[in-house]
Amino acid sequence: MAQLKILVVDDEPGIRSGVTRILGNFHMTYPFMDEDYTFKILEAATGEEGIEIIDREMPDILLLDNKLPGIQGVEVLEYVRKKNYDIVVAMITSYASIDVAVRAHNDGAIDFIPKPFTPQELKASIEQITKQQYLRRITHKLKVEGKKVRFQFLSVLSHELKAPLNAIDGYLKMMQERQMGESVDDYTSAIERSLQRIESMRNLIMDLLDFTKVSFEKQIEKMQNVNLRELVSMAVVTVSPYAIHKDIHFVTDIRGCETIWADPNDFEIIMNNLVSNAVKYNNTGGTVTITVDCNDNEFSISVADTGIGINAADKDMLFEAFSRIKNDKTRNISGSGLGLSIVRKVVELYHGVINVESIPDRGSVFTVIIPTLQVTNIKTEL
Ligand SMILES: Nc1ncnc2c1ncn2[C@@H]1O[C@H](COP(=O)(O)OP(=O)(O)OP(=O)(O)O)[C@@H](O)[C@H]1O
Ligand SMILES: [Mg+2]
């Protein structure tokens, strides 16, 4: 159980005691937060008193009336911003003139709570504000730890999951209320769309799993013999429901060596992503050719497709997290734009490179090249 301090700065004693009463025994919880939050309320009747308490008590949240007897609320806000304090500020105000609102917003106020408010309204605002404060702090912490991408991933994930959930919710309500008729046939397209949405959520969740599996450090203790034939056939099996649907044909060619010494997880990620893209961005009836090769210097995986291809101008951005090519050909294909960025990270762990050659409307070849030393000789180094 964590406690957040809320300072309420308002010259109306009724507002101060109201906030204290309403939030005194309020506690909130969110599935993504580590613990429940309770609140300790501090009160100030003027801006000057507020600043004194801020310096002394370092509250987490500031509820600030603008119209105060001495210095105004926005000046207190300015003070907090100048000092760079880690406090989220919401203005409580009976009337917010546009210029006060703009000024407050520019100085970082994240919310306006209109007076008078009901207990429910105040609690709802505090929930939002607490969530913001939590996310701000997590962002800061993760940034410091150099894990910004992970955070970005989580926020995209939650955002991306919300949209399909809302859509499915809408379709189900439509059915519950029999809006289109009594027969299940009346809902074929709603059911189909719901299933598509579920499929894209599933893909996103798979990406999340990949993301958490990759530690972005090569873990020597996880290294083992990886059978290349199994690796390739697993990737083909994984994508086969979709491939069958699109009538995709696979050609596989494994030369040079049968096994490599590596973390199997890493190579599943590489293979699954490249093969799934080759199917996803292929044309119906197309072919995917998977070639794995090994010589004294290099180990390579190449995955070729006969699909939509990629313009030269778009090639560079493909490997950035969250980047997707948006055009008529990709409009109806869902994805998070994370797969290739994860692949590149994994490949770099093995000091390898990934590149792509492509001709629009003819197809693409993604090739991963890893120095043989990285996947065969580590065993003898142990
Ligand atoms: N084989 C391919 N042919 C054509 N375009 C491709 C191919 N592979 C990737 N792309 C393009 O590169 C973009 C990024 O690919 P990436 O795998 O990172 O993300 P995604 O497939 O959109 O989503 P995710 O893999 O996370 O489900 C894709 O959106 C697509 O536009
Ligand atoms: Mg992909």
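Our structure is the block above this text.
Small disclaimer: the values here were computed from a predicted structure and weren't measured.

Undergrad: How should the packing of helix α8 (residues 228-245) against helix α9 (residues 264-280) be read in this particular structure?
TA: Axes are the key here: two packed helices are described by the angle between their axes and the distance separating the axes. The interhelical angle for the contact between α8 and α9, taken along N-to-C directions, is 35°, at an axis separation of 9 Å. Considering the relative orientation of α8 and α9, their crossing is right-handed. Contact residues: Leu231, Val232, Met234, Ala235, Val236, Thr238, Val239, Tyr242 and Ala243 in α8; Phe267, Glu268, Met271, Asn272, Val275, Ser276 and Val279 in α9. Looking at the contact of α8 with α9 residue by residue, the classes come out as 12 nonpolar, 3 polar and 1 charged.

Undergrad: What exactly am I supposed to notice about the sheet that holds strand β12 (residues 353-359) here?
TA: Across a sheet, strands are paired by hydrogen bonds formed along the backbone, either parallel or antiparallel in direction. With mixed pairing, the 5 strands of this open sheet are ordered in space as β8-β10-β11-β13-β12. Single-partner strands in this sheet number two, and they are β8 (249-254) and β12. Pairwise comparison of adjacent strand axes, ignoring direction, gives a mean angle of 10° for this sheet. Strands in contact with α8 are β8 and β10 (287-294); relative to β8, the strand with the most contacts, it is inclined by about 165°.

Undergrad: Explain α9 to me, please; I cannot follow it from the model alone.
TA: The periodicity of an α-helix, 3.6 residues per turn, causes residues three or four positions apart to be oriented the same way. Here α9 spans 23 Å end to end across 17 residues, near enough to the 24 Å set by a 1.5 Å rise per residue. The buried count for α9 comes to 14 of 17 residues, which makes it a mostly enclosed element.

Undergrad: Whenever I open this one, the sheet that holds strand β1 (residues 2-9) confuses me. Can you help?
TA: Within the open sheet, the 6 strands sit side by side as β2-β3-β1-β4-β5-β6. Their pairing is mixed. Strands with a single pairing partner mark the edges of an open sheet, and in this sheet they are β2 (27-28) and β6 (109-114). Each of β1, β3 (37-44), β4 (61-65) and β5 (88-93) touches helix α1 (residues 13-24); the most contacted strand, β3, lies at about 165° to it. Lying over the sheet, helix α3 (residues 73-82) contacts β1, β4, β5 and β6, oriented at roughly 155° with respect to β4.

Undergrad: Please explain the site of ligand 1 as it appears in this structure.
TA: The environment of ligand 1 is formed by 23 residues, the closest being Asn277, Tyr281, Ile325, Gly335 and Gly339. For the shell around ligand 1, the secondary-structure elements that each account for two or more residues are α7 (188-213), α9 and α10 (339-349). For the shell around ligand 1, a count of residues per class yields 8 nonpolar, 12 polar and 3 charged.

Undergrad: What am I meant to see in the nonpolar core here?
TA: Nonpolar side chains tend toward joint burial in soluble globular proteins. Formed by 39 residues in total, the largest nonpolar core has its most connected members in Ile270, Met271, Leu274, Val275, Val303, Val343 and Val347. When residues of this core are assigned to their parent elements, the largest contribution, 8 residues, is made by α9. With residues up to four places along the chain from it excluded, the contact list for valine 275 reads Ala235, Val236, Val239, Val288, Ile290 and Val303. Membership of the second largest hydrophobic core comes to 31 residues, among which are Val19, Ile41, Ile54 and Ile92.

Rules used in this analysis
Positions within a chain are numbered from 1, following the residues in the order the chain's sequence is written. Each chain takes a letter, starting from A, and each ligand takes a number, starting from 1, following the order in which they are written. A pLDDT threshold of at least 70 governs which residues receive local features in this predicted model, and a stricter bar of 80 or more applies before side-chain atom pairs are shown or counted, although totals over entire chains, interfaces and linings include all residues. Axes here mean lines fitted to C-alpha atoms, for a helix over just the part in contact, with angles spanning 0 to 180 degrees between N-to-C directions. Helix and strand definitions here come from DSSP, where helices need a minimum of 4 consecutive H or I residues and strands a minimum of 2 consecutive E residues; each element is numbered from the N-terminal end. Whether a crossing is left-handed or right-handed is set by the direction in which the near helix is turned from the far one by less than a right angle, anticlockwise for left-handed and clockwise for right-handed. Our contact criterion uses C-beta atoms placed from the backbone: two residues qualify when those atoms are within 7 Å. Ten residues, namely Ala, Val, Leu, Ile, Met, Phe, Trp, Tyr, Cys and Pro, are considered nonpolar, four, namely Asp, Glu, Lys and Arg, are considered charged, and the remaining ones, Gly among them, are considered polar. A strand pair is defined by DSSP finding two or more bridges across the two strands. The span expected for a helix works out to 1.5 Å for each residue beyond the first. Burial is judged by counting the other C-beta atoms within 10 Å of a residue's own C-beta: 20 or more makes it buried, 12 or fewer makes it exposed, and any count in between marks it as partly exposed, with every C-beta position built from the backbone. The rule is simple: place the C-beta atom from the backbone, and if it lies within 6 Å of a molecule or strand, the residue is near it. Remark: nonpolar core denotes a set of buried Ala, Val, Leu, Ile, Met, Phe, Trp, Tyr and Cys residues whose joining runs through C-beta atoms within 7 Å.

Everything listed here is a matter of coordinates, which is why it stays silent on function.
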